[in-house]
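Below are the chains, spelled out letter by letter.
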Amino acid sequence: LKEVDAAKNKVEAIQELADCIICCIGICRFAPKTAYFIIKSIMMRHDFYLDEICNEVERKWQINLNRKWEYINGRYHHIEEFN
């Protein structure tokens, strides 16, 4: 969310909001109430960008499905991209 606040323009903000939602999808497995609260807060605060945020979530989700991931030092990182 700090990256959303630091965004320099609408496009960057939407990209960062999409990242937040994608992270919440992962958090939902372990802390669903927390994840839903964050997603609801994002949607309520940024409802005028809702369609754009949802489109960006879908776009980024597809990119992530095609990445190879590795678990390093307690965090997942993509290690290469596929086209």
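Cut-offs used in this document
- Residues numbered from 1 in each chain as written.
- Predicted model: local features only at pLDDT ≥ 70, side-chain atom pairs only at ≥ 80, totals over all residues.
- Heavy atoms only, no water.
- Helix = DSSP H or I, 4+ residues; strand = E, 2+ residues; numbered from the N terminus.
- Buried < 20%, exposed > 50% of the residue type's maximum accessible area, 1.4 Å probe, protein only.
- Lys, Arg positive; Asp, Glu negative; His and termini not counted.
- Charge placed at Lys NZ, Arg CZ, Asp CG, Glu CD.
- Phe/Tyr/Trp six-rings, centres within 6.5 Å; stacked < 30°, edge-to-face > 60°.

Visitor: What is the right way to read the overall build of the protein from this model?
Guide: Secondary structure assignment for the protein yields four helices and two strands. The order of helices and strands in the protein, counted from the N terminus, is α-α-α-α-β-β. Each of the three principal axes of the protein carries a C-alpha extent, and together these read 35 × 30 × 20 Å. Counting only residues that meet the buried cut, the protein has 20% of its 83 residues in that class. A distance of 6 Å separates the average location of the 12 positive side-chain charges in the protein from that of its 13 negative side-chain charges.

Visitor: Is there a simple way to think about the packing of aromatic side chains in this case?
Guide: Inspection of every chain in the model, using the stated rule, returns one aromatic pair. Here the aromatic rings of Phe48 and Tyr49 are separated by 4.5 Å at their centres, their planes lie at 65°, and the arrangement is edge-to-face.

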